[in-house]
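Commentary on secondary and tertiary structure
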Amino acid sequence: QVQLVESGGGVVQAGGSLRLSCAASGNIFFTTTMGWYRQAPGKQRELVASITSGGTTNYADFVKCRFIISRDNAKNTVFLQMNSLKPEDTAVYYCYANIVLKKSIGRDDYWGHGPQVTVSS
């Protein structure tokens, strides 16, 4: 019923930048919070950043002042601008969206498949 399609991953040198995007589509009535998690090999998945439909943002301490999250509500799309990348930022980055479906009274989280981001030193 809902698909999250991500783009923008890749390989970059330390200090470089990448921009991730994630578009939600399907039987969507309303999208509340959208955001990004990441998971590095051998580590647990962790929150990177999130943004509400009203534009309130939340960042993990390890990306503050380096990453910027934004969204286009009309297109159900969330972006993550990643600057000053470090090798420790290497991970699979998963997009998520909390969505209310049409003709539904509940909300559910939906996930993308995750683009790989690799930062070389």
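The structure we're discussing is the one just above.
First, a word on scope: everything that follows refers to the structure included in this document. (Residues numbered from 1 in each chain as written. Predicted model: local features only at pLDDT ≥ 70, side-chain atom pairs only at ≥ 80, totals over all residues. Heavy atoms only, no water.)

Let's shift gears to the nonpolar core. With 31 residues, the main nonpolar core has Leu 4, Trp 36, Leu 80, Met 82, Tyr 93 and Ile 99 as its most contacted residues. Broken down by element, this core gets its largest block of residues, 6 residues, from strand E9 (residues 91-101). (Core = buried A, V, L, I, M, F, W, Y, C linked by side-chain atoms within 4.5 Å. Buried < 20%, exposed > 50% of the residue type's maximum accessible area, 1.4 Å probe, protein only. Helix = DSSP H or I, 4+ residues; strand = E, 2+ residues; numbered from the N terminus.)

The next subject is the sheet that holds strand E8 (residues 77-82). The strand order E1-E3-E8-E7 describes an open sheet built from 4 strands, whose pairing is antiparallel. Every other strand in the sheet has two partners, leaving strand E1 (2-7) and strand E7 (67-72) as the edge strands with one partner each. Strand-to-strand twist of the sheet, defined as the mean angle between neighbouring strand axes without regard to direction, takes the value 15°. Two elements, strand E3 (residues 18-26) and E8, share 6 bridges in a ladder whose sense is antiparallel. Among the inter-strand pairings, Ser 21 is bridged to a residue of E8, identified as Phe 79. (Pairing = 2+ DSSP bridges. Axes fitted to C-alpha atoms, helices over the stretch in contact; angles between N-to-C directions.)

Take it as geometry only, folks, not as evidence of what the structure does.
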